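Structural overview
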Amino acid sequence: MMTDEEILHKATLLLENMLTEMIPSEREHLGAWLYQDDPKNLPFDDAFKGKIRHIVPISQADTETETGKFVNLFAKMGYQVDWEKGTLSGARVEENSSPEGQAKATLAHIGWSKEAPDLKTVKINTKIGKWFTKVIEYITKINDMRAEVREGFKAAGSEYNYPKYPEDVVKVLGEKRAKIFYFYQDRLLAYVRSNNEEDDQRPFYANWVKDVGEVEKLAQYWKENASYLKKNADNLKKDDSRVMIVSRAPIDVARMGDFMKSFDSCHRPPSKREQSGYKSNDQYKCAIAEAHGNGAIAFLVDKQAILDAYDAETIEEVEENENFQKEEIFHDEDAYEESGPIEDDGTMQRLRLRLMKMYKAGDNPYEGLELAVPEGRVYLPAHLKDEENPEFVERLVQWAQQQQEDLMKKAPKTEGGALNLNDFIKFGGSWEDRTSNKLLARLFAQQFEEFEGEVKRDTSTEDELELVIETDITAIQAATDETAKDWNNRYEACNVSGRAVEAYDDEGTVLVYTEGVIRLEWGLDEWNALPNHMDMSHCVEDLLQSGYGTIHDPAGGGYSNAYLDDDSPYIGRVTNDKGVDIIMAIIKIDTSRLIGWMKDEAYPEYEEIDETYSFNYFCQTVDLIDDARDSIKAGIEAYFKREGYIDGGQYIQLAMKIENGDIDSYYWDVEYDGEHYTESYDAWAKVSYDYDPEELGVEPRILFDLVDQREFALLLRQYLTAPAKESAGSEYWLSIRDKSAVDSGGDVRYGITFKVDADTPDSAVEQFYDLITGDMDDEDEIKKAFMSALYEFAAKNGVKLNGATPASAKVRDFDSLQDLGENKQYDANYLVKTWKRFIL
């Protein structure tokens, strides 16, 4: 047996003439493990029975027939089915989704608690028909209780649109029935969800709870075809074209992310950056750690391709081939004769086996018993997502159970007979597709019903790896682009980019030059006219002076909006991605003046430097600008309103005049909100007039009731504002902010207030200004308007006033007066009924 030094020397000599998928510098990351071919020096010697690679046959029912799809359905769920007897069995992992269970899982995940989430197994051994009955029963009960929660939620008049889980469940159902509700959910998932399933995938049964009819159709299919399936299911057309290669060869493990024709992976080598959708190779180090004797790998490949590659008749013949056991088996298109004969044909799938050791508390964990534990996620070609082989994971789990049967009998137990997870430790890479607790629960599902404790982790191999990854400017650009893409998807108004360039020094340093813009949009109908680019430049200057878009330095260094670049900003009409024409303004971000950043370039993400110099931190700083987008947009609108390009400029001018005391109005009381005209939204003006009931020859009570009607206010508005409305050429009537009628020494003092705001059309604001400063700011004109409105309104309602023109042929006696209230049926006795409110 060669020493480690001899193995490394041999590897170094061979590397000089080899070019493979993993480039030479990457193969060096395996060190002495690269050509380790002694089974005793590799992990999982018990499971592999002295071999380095195993080939495991896989067979599934033909997916093209309805019967085959039905049979595969249970394979997907991980059941063992005896079709001849019409029964199914399986030990199912059940999780606790109740509020208490989820809280425990969350606290454990973020490290606030060492108490592991609840896991247990449910043994199912039943007839297929009864299985369907039970599943339909659970779905029906869940839906009934959900409907009850929705009805109770609506009855409570909640401010939310939909019930919130779990709060509203407990409120409506009570704590006891809420526990029953979550029990039904957990048990249903235990019945239908595979123990191997990924949490982040949308499973095939996702719609079953929404539509129990889908399950009922399957149940009916079984009822109608049970006799045929019992006789023929085991003889259905089989698809056995795929086999599983289970390998503990370090080179196979290291290349877990190297087969880019078939699947992308965050474990892919740095040399594959250009072909990958991942922005960096963060988990490549994890793959190398696994290859340092800390894991194994399973590949699902085409069986005929293996037979052809080794010129064999059977897979048993291939497995016994010494080259298959000790040499590299996968082909490299760049290596010709040096690599293995099995090619990546674009259909490969992969699944990892994690190294865990089990031991008794107090023992040395590094001397514990090695256990090969299958992972929970299959990496497969994107186009096969809906055709994932249902047998792959289940068959690997079965293989691991069968190969380690004696070893698993030595598993540590608690005093209560549960699997003691505290006595397990996981080695190798840090990346996990499923938690170690769940992986062990699945592996030991037939053996244990309860699982207690938390698996420990040892990532020292990965942590201590010092990998020299050659600088690749193309890869850095790709990683930068991916980071920019991530942030641009989050921004509402900003857009960033980075340009990787090699610095002018002798060290080959790569810098990322930072760029960013702010994009703001308006509808075409919001603008009266389109400004030019010079107007936009002046606008940005105004933004800088006025403080719009000010952000704070995350490090506490003050506030600034100096990042707004007034050099050649853009404004124009463009067509957006929805095919709609809009007005868009684009302002460049001066990154050298961006507070919290203040530089033109960043360092690539791989550099071991202060995070605040990274491109990602630049994007994070720009996020502060994105949060200030409304302020920037408001500043642009304020500027162009003043310039007349957007409606609202007249209001700003009005607010300025009110603030500066330039409104010369004698009879109108004019006010506005806001401490500064730029913050103002409302302005209003009030005028009042005293009606003398005695001069008018009418009871005060009747006069009060006349002027208290909305119709009177609308009529008075016409008399007061019509001249200003015509003068301003406005098509709008001013809004009435308030109206009132109060006693004033025996007179009826009637006041009316008109308002405008920042959203009021310019012509209406001009009308408002003319009203309070023009001809209507005159005592005689105001009196004429008030009296004319009163005379007309009284005549329309059959009330005779002194000095008024005789009314038309209306009945004038008091008993026939009609109700003056808005949206009411007229009532001749209305005024009589309302007198009592004036009687003290």
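Residues numbered from 1 in each chain as written. Predicted model: local features only at pLDDT ≥ 70, side-chain atom pairs only at ≥ 80, totals over all residues. Heavy atoms only, no water.

**What to know about the overall build of the protein chain**
Put simply, the rule is: Helix and strand definitions here come from DSSP, where helices need a minimum of 4 consecutive H or I residues and strands a minimum of 2 consecutive E residues; each element is numbered from the N-terminal end. Partly exposed residues are those whose accessible area sits between 20% and 50% of the maximum for their type, while under 20% is buried and over 50% is exposed, using a 1.4 Å probe and protein chains only. By the convention used here, residues are in contact when the closest approach between their heavy atoms is within 4.5 Å. Only the protein chains shown count as cover for residues, and the accessible areas themselves come from Shrake-Rupley with a 1.4 Å probe.
Along the protein chain, the regular secondary structure elements total 28 helices and 25 strands. Sorting the 840 residues of the protein chain into buried and exposed places 48% on the buried side. Expressed as a percentage of contacts within the protein chain between residues at least 6 apart in sequence, the contacts between residues at least 24 apart total 70%. Surface accessibility of the protein chain: about 42,100 Å² in total, with carbon and sulfur atoms responsible for 44%.

**Some details on unusual backbone geometry**
The residue Lys 49 is not glycine, and still its phi comes out positive at about 50°. Structurally, Lys 49 is set in the loop between α3 (45-48) and β1 (53-57). The residue Met 598 is not glycine, and still its phi comes out positive at about 60°. Tracing the backbone shows Met 598 in the loop between β20 (581-588) and β21 (601-602).

**Looking at the packing of aromatic side chains**
Keep this limit in mind: Put simply, two rings from Phe, Tyr or Trp (the six-membered ring, in Trp's case) pair if the centres are within 6.5 Å, and we call them stacked under 30 degrees between planes, edge-to-face over 60, tilted for the rest.
Tallied over the full model, the rule gives 37 aromatic pairs. Plain terms: the ring middles of Tyr 310 and Phe 324 are 5.6 Å apart, the flat faces sit at 85° to each other, and that makes the pair edge-to-face. Of this pair, Tyr 310 sits in the loop between α11 (303-309) and α12 (315-319) while Phe 324 sits in helix α13 (residues 322-326), and the two are 14 residues apart along the sequence. Each member of the pair, Tyr 310 together with Phe 324, is buried. Here the aromatic rings of Trp 522 and Trp 527 are separated by 5.5 Å at their centres, their planes lie at 85°, and the arrangement is edge-to-face. Trp 522 gets classed as buried once you look at its relative accessible area, which sits at 2%.

**Concerning the packing of helix α6 (residues 128-155) against helix α7 (residues 167-192)**
The condition that has to hold: All axes are obtained by fitting lines to C-alpha atoms, using only the stretch in contact for helices, and the reported angles, taken between N-to-C directions, cover 0 to 180 degrees. For classification, angles of less than 35 degrees are called roughly parallel, those exceeding 145 degrees roughly antiparallel, those between 65 and 115 degrees roughly perpendicular, and all remaining angles oblique. Crossings are sorted by hand: turned counterclockwise from the far helix by less than a right angle, the near helix makes the crossing left-handed, and turned clockwise it makes it right-handed.
Relative orientation of the contacting elements α6 and α7 amounts to 155°, with a least axis distance of 10 Å. Between α6 and α7, the angle falls in the class roughly antiparallel. As α6 packs across α7, the resulting crossing turns out to be left-handed.

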